[in-house]
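Spelled out, the chains give:
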Amino acid sequence: MNIRTDLAVERQQMTEDSEIEGVNVYSEENEDCRATVIEITTKEGEEALGKPRGKYITLEMEAFPDSSTLSDGRIEMLKRFLGELIPEEGTVLVAGLGNSDITPDAIGPMCAENILATRHIPKETENALKLPVLRPVAVISPSVTGKTGIETGEIISGVSEKISPECIIVIDALAARSVGRLGTTVQLTDTGIEPGSGVGNRRRAINKDTLGVPVIAIGIPTVVDAATLCYDLTGQEIKTEEFRNMMVTPKDTDIICSGGARLIAAAINLTLQKNLSAEEILSLTVQ
């Protein structure tokens, strides 16, 4: 059957071959988090995993950290890997994708609310207020096509043309195969994203090819495909057609999304604003 998942690590685990040509896999961990890095380097690797070539980093943890915790191993590992993907200098555009009215799809907008926007602060103001040097960061929540009538990729492209960022970071909700991934997993990739692909509503791709600058995608799985869940539980495929398009989300999705949004926002802020302490960032962002 067709297994629906946005996670490269699950695609890799579902393959029958332990070693795939053009797919390099390695792991590391600390006391709070385990990271699995998958690098797809060839066309054969793309075909085997159904993912474009690039780097995919999956972080697994018991739970997302508390909003006041900015220094444990989960955030430290996310911050380190994010720092490896983002250019050292230049303006960064952060886009929180998704629909704020639908809880499992609200991670992007919730994360955007906690990103420290600094592009509008003049250097003269920084000097007058004796602020540390701030990296220019712009933040948007483009919502979804059904509410705006505009493709998310078109909105991001238009803003990108105006402000010329060195890099774009997009945050979105993902679909997983395993229920155990919900609320415990974060995926980073340098290949960008296709909004809605996890729930069968594929939109225009948001990546370096379409926007002309590196696009880093960060996602947290919040739903599992009902057909996949049924197959895992019973070993049988769903025969009724209407169930094939159903997604399942846990009852504590609001907690998963708020905790995940805080985790990602904290890691982004700490990575981009290296001259601010964790305490300063916590005091300047919405919690």
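It should be noted that the structure appears before, not after, this text.
Sequence positions are assigned chain by chain, starting from 1 and proceeding in written order. Per-residue local features of the predicted model are confined to residues with pLDDT of at least 70, and side-chain atom pairs are confined, for both listing and counting, to 80 or more; whole-chain, interface and lining totals are unaffected and use all residues. Excluding hydrogens and water, the side-chain values take into account all heavy atoms of the structure.

This next bit is on the overall build of the protein chain. In terms of regular secondary structure, the protein chain is built from 11 helices and nine strands. The globule rule used here is 2.2 Å times the number of residues to the 0.38 power, and the radius of gyration it is set against is calculated over C-alpha atoms. A compact globule built from 287 residues would reach a C-alpha radius of gyration of about 19 Å, and the protein chain, at 19 Å, matches this within 12%. When its C-alpha atoms are laid out on the principal axes, the protein chain stretches across 65 × 45 × 40 Å. Taken across its 287 residues, the protein chain has 50% of its residues classed as buried. Any two residues having at least one pair of non-hydrogen atoms within 4.5 Å are treated as being in contact. A fraction of 70% describes how many contacts in the protein chain between residues 6 or more apart in sequence connect residues 24 or more apart. All accessibility values rest on the Shrake-Rupley procedure with a 1.4 Å probe; residue burial counts only the protein chains present in the view. When the accessible area of the protein chain is evaluated, it comes to approximately 13,700 Å², of which 47% is carbon and sulfur surface. His is not counted, nor are the chain ends, whereas Lys and Arg count as positive and Asp and Glu as negative. For this purpose, a charge sits on NZ of Lys, CZ of Arg, CG of Asp or CD of Glu. In the protein chain, 27 positive and 44 negative side-chain charges are present, and the distance between their average locations comes to 3 Å. Only runs of H or I of at least four residues qualify as helices and only runs of E of at least two qualify as strands under DSSP, and these elements are numbered from the N terminus. Note on classification: 1.4 Å probe, protein chains only; a residue is buried when its accessible area is under 20% of the maximum for its type, exposed when over 50%, partly exposed between these limits.

Attention shifts here to unusual backbone geometry. One non-glycine residue with positive phi stands out, namely Ser143, at about 60°. For Ser143, the position within the fold is in strand S5 (residues 137-143). Phi is positive for Ser164, close to 50°, though the residue is something other than glycine. Turning to its location among the elements, Ser164 is positioned in the loop between helix H7 (152-163) and strand S6 (167-176). On the basis of relative accessibility, which here comes to 52%, the residue Ser164 falls in the exposed class.

Our next topic: the pairing of strand S3 (residues 54-60). With respect to burial, S3 is a largely interior element, six of its seven residues being buried. At least two bridges found by DSSP between two strands are what make those strands a pair. In this structure, strand S2 (residues 34-40) lies alongside S3, joined through seven bridges in antiparallel fashion. Across the sheet, the residue bridging to Glu39 is Lys55, located in S3. Relative to strand S7 (residues 185-189), S3 is paired through five bridges, and the arrangement is antiparallel. Counted as the bridge partner of Thr58 is Gln187 from S7.

What makes a nonpolar core is a set of buried Ala, Val, Leu, Ile, Met, Phe, Trp, Tyr and Cys residues whose side-chain atoms join them at distances within 4.5 Å. Ranked by internal contacts, the top residues of the largest apolar core, which has 57 residues, are Leu59, Ile169, Ile171, Val186, Leu188, Ile218 and Ile268. Per-element tally for this core: the top contributor is helix H10 (residues 253-272), with 11 residues. Not counting residues within four places of it along the chain, the set of residues in contact with Ile268 comprises Leu82, Val94, Ile115, Ile169, Ile171 and Ile218. Grouped together as the second largest cluster of nonpolar side chains are 15 residues, Ala138, Ile168, Ile193 and Val215 included.

The rule for a salt bridge is simple: a side-chain nitrogen of Lys or Arg has to be within 4 Å of a carboxyl oxygen of Asp or Glu. This model, assessed by the stated rule, comprises 10 salt bridges. The salt bridge partner of Arg4 is Asp225, with a shortest N-O separation of 3.8 Å. With Arg4 in the segment before helix H1 (8-14) and Asp225 in strand S8 (residues 215-225), this residue pair connects regions lying 221 residues apart in the sequence. For the salt bridge of Glu46 with Arg53, the shortest nitrogen-to-oxygen distance reads 3.4 Å. Residue Glu46 is classed as partly exposed on the basis of its relative accessible area, which comes to 22%. Among the ionic contacts, a cluster of salt bridges with common partners joins Glu10, Glu60 and Arg181.

Turning to helix H3 (residues 73-85), a few remarks are in order. An expected span of 1.5 Å times one less than the residue number is assigned to each helix. An ideal rise of 1.5 Å per residue puts 18 Å on 13 residues; H3 measures up with 19 Å between its terminal C-alpha atoms. For H3, the complete set of buried residues consists of Gly73, Arg74, Ile75, Met77, Leu78, Phe81, Leu82 and Leu85. Along its buried surface, H3 packs onto strand S1 (23-29), S2, S3, S7, S8 and H10.

With that settled, the discussion passes to the packing of aromatic side chains. Side-chain rings of Phe, Tyr and Trp (the six-membered ring for Trp) are treated as a pair once their centres are within 6.5 Å; stacked means planes under 30 degrees apart, edge-to-face means over 60, and tilted covers the remaining angles. Using the criterion set out here, one finds zero aromatic pairs in the structure. It is Arg80 that lies over the ring of Phe81; its NZ or CZ is 4.5 Å from the centre. When the NZ atom of lysine or the CZ atom of arginine is within 6 Å of a ring's centre and also within 35 degrees of its normal, the charge is said to sit over that ring.

Let's shift gears to the packing of H3 against H10. Direction vectors running N to C along H3 and H10 enclose 55°, while the axes themselves pass 9 Å from each other. With respect to H10, the axis of H3 lies oblique. At the point where H3 passes H10, the crossing takes the right-handed sense. For the pair formed by H3 and H10, the contact residues are Ile75, Leu78, Lys79, Leu82 and Gly83 on the first element and Leu263, Ile264, Ala266, Ala267, Ile268, Leu270 and Thr271 on the second. Each residue receives one of three labels: charged for Asp, Glu, Lys and Arg, nonpolar for Ala, Val, Leu, Ile, Met, Phe, Trp, Tyr, Cys and Pro, and polar for the others, Gly being one of them. For the contact of H3 with H10, a count of residues per class yields nine nonpolar, two polar and one charged. Axis angles are defined between N-to-C directions and span 0 to 180 degrees, where every axis is a line fitted to C-alpha atoms and, for a helix, only to the segment in contact. By definition in this entry, angles of less than 35 degrees are roughly parallel, angles greater than 145 are roughly antiparallel, angles of 65 to 115 are roughly perpendicular, and the rest are oblique. Left-handed is the label given to a crossing in which the near helix is rotated counterclockwise from the far helix by less than a right angle, and right-handed is the label when the rotation is clockwise.

With that settled, consider the environment of Asn245. Relative to the helices and strands, Asn245 resides in the loop between helix H9 (226-234) and strand S9 (247-248). Placed 136 residues apart in sequence, Asn245 and Pro109 show a C-alpha to C-alpha distance of 24 Å.

Here the focus is the side chain of Asn207. Among the secondary structure elements, Asn207 is positioned in the loop between S7 and helix H8 (208-211). There is a polar contact of 3.1 Å between the side chain of Asn207 and the backbone nitrogen of Asp209. At 3.0 Å, the side chain of Asn207 and the backbone nitrogen of Thr210 are in polar contact. In this structure, Asn207 is in contact with Thr191, Gly192, Gly212, Val213 and Val215, ignoring residues within four places of it in sequence. Distance and chemistry together define a polar contact, namely a pair of N or O atoms within 3.5 Å, with one atom able to donate a hydrogen and the other to accept it when in protein, and with adjacent residues in sequence counting only for side-chain atoms on both sides.

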